[in-house]
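Working through the structure, step by step
The lines below spell out each chain.
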Amino acid sequence: MDARDAWRRAGEGFSGSFGGRPAGVWWAPGRVNLIGEHTDYQEGLCLPMAINRHVVVAVRPRSDRLVRAVSSSRGPAPDVDLDALRPGPRDSWFNYVVGVLAVLAPSAGCDLFIDADLPVGAGLSSSAALEMAVAVAINDLFALGRTPEDLALAGQRAEHDFAGVSSGLMDQLASVFGRPGHALLLDTRTRAVTPVPWRPEDAGLALAVVDTRAEHRVVGGGYEARVREVRAAAAALGVPALRDVAPEDLTRLEGQPLLLCRARHVVSENARVRTVVDAASRGDWERVGQALLASHRSLAEDYEVSHPALDAVVDRAARTPGALGARLTGAGFGGSAIVLLRADAVGMLEEGLHEEFARRGWVPCGVQTFCPGDGAARVAEAV
Ligand code: GLA
């Protein structure tokens, strides 16, 4: 959806839900992580890009302390009081909204209508996009003067304290700092964000994102287990975070095979981020592709966060002429995979995947290509 559609849909949804017009409309993009997976909660490196799929929020301040919210896909949330914000049921989308409001503490309540063209559960960060859309809206509307980094941190707090997920900061930073034509090199220790030109299209290549439709859920389970395991690995090595660990230090984990595997993924993945940044800057896309494949192998074997449908995409990509590399993107356990390939090979990949998914009796996957897009912002009203 373009800005005009975003305004129209959210504006109409707002009027239908609350009457009258919103004070403004804001949006925030989802992200695709190119490489640097499961590194951001160990102060590591990652390389996401914002995509042209958004969560959109139309907002109007109120004169009392009430917060009312309606989602175009999930319906109305229960009304809440700004002075009594607490986590709702686990898995509820409203936790992300309430969590951000709790951190930003605006001076009055508001009515919010939320719309999106970003699929939920596809591993493209719909929750961070929701947090960042609400955060930029509240920051603008109430003139709070928070920096984009503050807003990203507010989103992360919402994840930790309201959604119960111990996530890193990658998704929020990608959503606020997105820049067309650029991936974002994130150093999650210093929170430095360095835009890195990302233009595979100049070499006749495209980035395909394959939504396996195997629903990925970060809340609960595997993600939290990985966070605990790598914390244990860092503690066993006596470092504040695995960011400080060199490959040769890993031998000290030899008596603890599970922690060794988990730490080996994080340490090798940080190195692969540097490889991809360097290779992309030289236009060495073959090397980028090899790093993507190595990342997937590490995520599947050492980190154990892949899924049969993600492995099937990566295998199929490896057998598609013109494909350079592929890997799962996001937390894993389902969700999406990326494939870097010749632009004229996307159709063949798609055909091959549809055949493969049908043969295995899986619901068909979705294939789309994405270029890096802009970060969270106010949507100008079309005149
Ligand atoms: C989720 C989390 C991120 C990051 C990725 C894995 O998207 O929200 O912070 O940990 O998983 O790289």
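So, about helix H6 (residues 222-237). Taking 1.5 Å per residue, 16 residues should reach 22 Å; H6 reaches 23 Å between its end C-alpha atoms and fits that length. Buried positions along H6 lie against helix H7 (257-281). Of the residues flanking the end of H6, it is Gly238, one or two places downstream, whose phi is positive at about 70 degrees.

Here we take up the site of the ligand. Around the ligand, the neighbouring residues are Arg31, Glu37, His38, Asp40, Tyr41, Ser167, Gly168, Met170, Asp171, Tyr223, Gly330 and Ala331. At 2.7 Å, a side-chain N or O of Glu37 approaches an oxygen atom of the ligand. Contact distances for the ligand include 2.7 Å between an oxygen atom and a backbone N or O atom of His38. If the ligand stood free it would expose 310 Å²; the protein chains cover 96% of that surface. A breakdown of the residues in the shell around the ligand according to their chemical character gives four nonpolar, four polar and four charged. Of the domains in this structure, domain 1 (3-195 + 373-378) and domain 2 (198-369) are the two that each give at least three residues to the shell around the ligand.

The next subject is the sheet that holds strand E13 (residues 366-369). Here we have four strands laid out as an open sheet, ordered E11-E12-E10-E13, and antiparallel in their pairing. Strand pairing shows two members of the sheet lacking a second neighbour, strand E11 (323-329) and E13, which therefore form its edges. Pairwise comparison of adjacent strand axes, ignoring direction, gives a mean angle of 20 degrees for this sheet. Bridge count between E11 and strand E12 (residues 336-342): six bridges; the pairing is antiparallel. When the bridges of E12 are listed, Arg327 appears paired with Ile338. Set on the sheet, helix H8 (residues 285-301) makes contact with strand E10 (205-211), E11 and E12; between it and E11 the angle comes to about 35 degrees.

This next bit is on the packing of aromatic side chains. One pass over the full model with this rule turns up five aromatic pairs. Ring geometry for Tyr41 versus Tyr223: centroids 5.3 Å apart, planes at 65 degrees, classification edge-to-face. Remark: Tyr223 occurs in helix H6 and Tyr41 occurs in the loop between strand E1 (24-33) and strand E2 (45-46); sequence separation between them is 182 residues. For Tyr223, a relative accessible area of 7% gives the class buried. Between Phe357 and Trp362, the aromatic rings sit 5.0 Å apart at their centres with planes inclined by 80 degrees, giving edge-to-face as the arrangement. For Phe357, a relative accessible area of 1% translates into the label buried.

Attention shifts here to the side chain of Glu269. With respect to the helices, strands and loops of the structure, Glu269 is situated in helix H7. When its relative accessible area of 0% is taken as the criterion, Glu269 is described as buried. For Glu269, the side chain forms a polar contact with the main-chain nitrogen of Glu37, separated by 2.8 Å.

Taken as a whole and assessed by the stated rule, the structure comprises 32 salt bridges. Notably, a salt bridge pairs Arg189 with Asp244, separated by 2.7 Å at the nearest N-O pair. Within this pair, whereas Arg189 is found in the loop between strand E8 (182-187) and strand E9 (192-197), its partner Asp244 is found in the loop between H6 and H7, the two being separated by 55 residues in sequence. On the basis of relative accessible area, Arg189 is assigned to the partly exposed category, the value being 34%. With its nearest N and O atoms 3.1 Å apart, the salt bridge here joins Arg199 to Asp202. With a relative accessible area of 58%, Asp202 lands in the exposed category. One continuous salt-bridge network, built from bridges that share partners, spans Arg316, Arg319, Glu355, Glu356, Arg359 and Arg360.

Taking 1.5 Å per residue as the helical rise, H8 with its 17 residues ought to reach 24 Å, and the 24 Å between its terminal C-alpha atoms agrees with that figure. What H8 keeps buried is the set Trp285, Val288, Gly289, Ala291, Leu292, Ser295, His296, Ser298 and Leu299. Residues of H8 that are buried make contact with E10, H7, helix H9 (308-318), E11 and E12.

This part is about the domain arrangement of the protein. Along its sequence, the protein is organised into domain 1 (3-195 + 373-378) and domain 2 (198-369). Once you take the C-alpha centre of each, domain 1 and domain 2 turn out to be 25 Å apart. Summed over both partners, the interface of domain 1 with domain 2 comes to about 3300 Å²; 59% of that surface belongs to carbon and sulfur atoms. Counting every contact that joins domain 1 to domain 2 gives three salt bridges. Note that Asp187 is salt-bridged to Arg243, the shortest N-O span being 2.9 Å. Between domain 1 and domain 2 we count 19 residue pairs in polar contact (both at pLDDT 80 or more) in total. Only E1, E2, strand E3 (48-61) and E8 provide two or more residues apiece to the side of domain 1 that touches domain 2.

Thresholds applied
- Residues numbered from 1 in each chain as written.
- Predicted model: local features only at pLDDT ≥ 70, side-chain atom pairs only at ≥ 80, totals over all residues.
- Heavy atoms only, no water.
- Helix = DSSP H or I, 4+ residues; strand = E, 2+ residues; numbered from the N terminus.
- Expected span 1.5 Å × (residues − 1).
- Contact = heavy atoms within 4.5 Å.
- Near = heavy atom within 4 Å.
- Polar contact = N/O pair within 3.5 Å; in protein donor to acceptor, adjacent residues only side chain to side chain.
- Areas by Shrake-Rupley, 256 points an atom, 1.4 Å probe, with all protein chains shown as cover.
- Nonpolar A, V, L, I, M, F, W, Y, C, P; charged D, E, K, R; others polar.
- Domains from an automatic or database assignment.
- Pairing = 2+ DSSP bridges.
- Axes fitted to C-alpha atoms, helices over the stretch in contact; angles between N-to-C directions.
- Phe/Tyr/Trp six-rings, centres within 6.5 Å; stacked < 30°, edge-to-face > 60°.
- Buried < 20%, exposed > 50% of the residue type's maximum accessible area, 1.4 Å probe, protein only.
- Salt bridge = Lys/Arg side-chain N within 4 Å of Asp/Glu carboxyl O.
- Buried area = accessible area lost by both parts, 1.4 Å probe.

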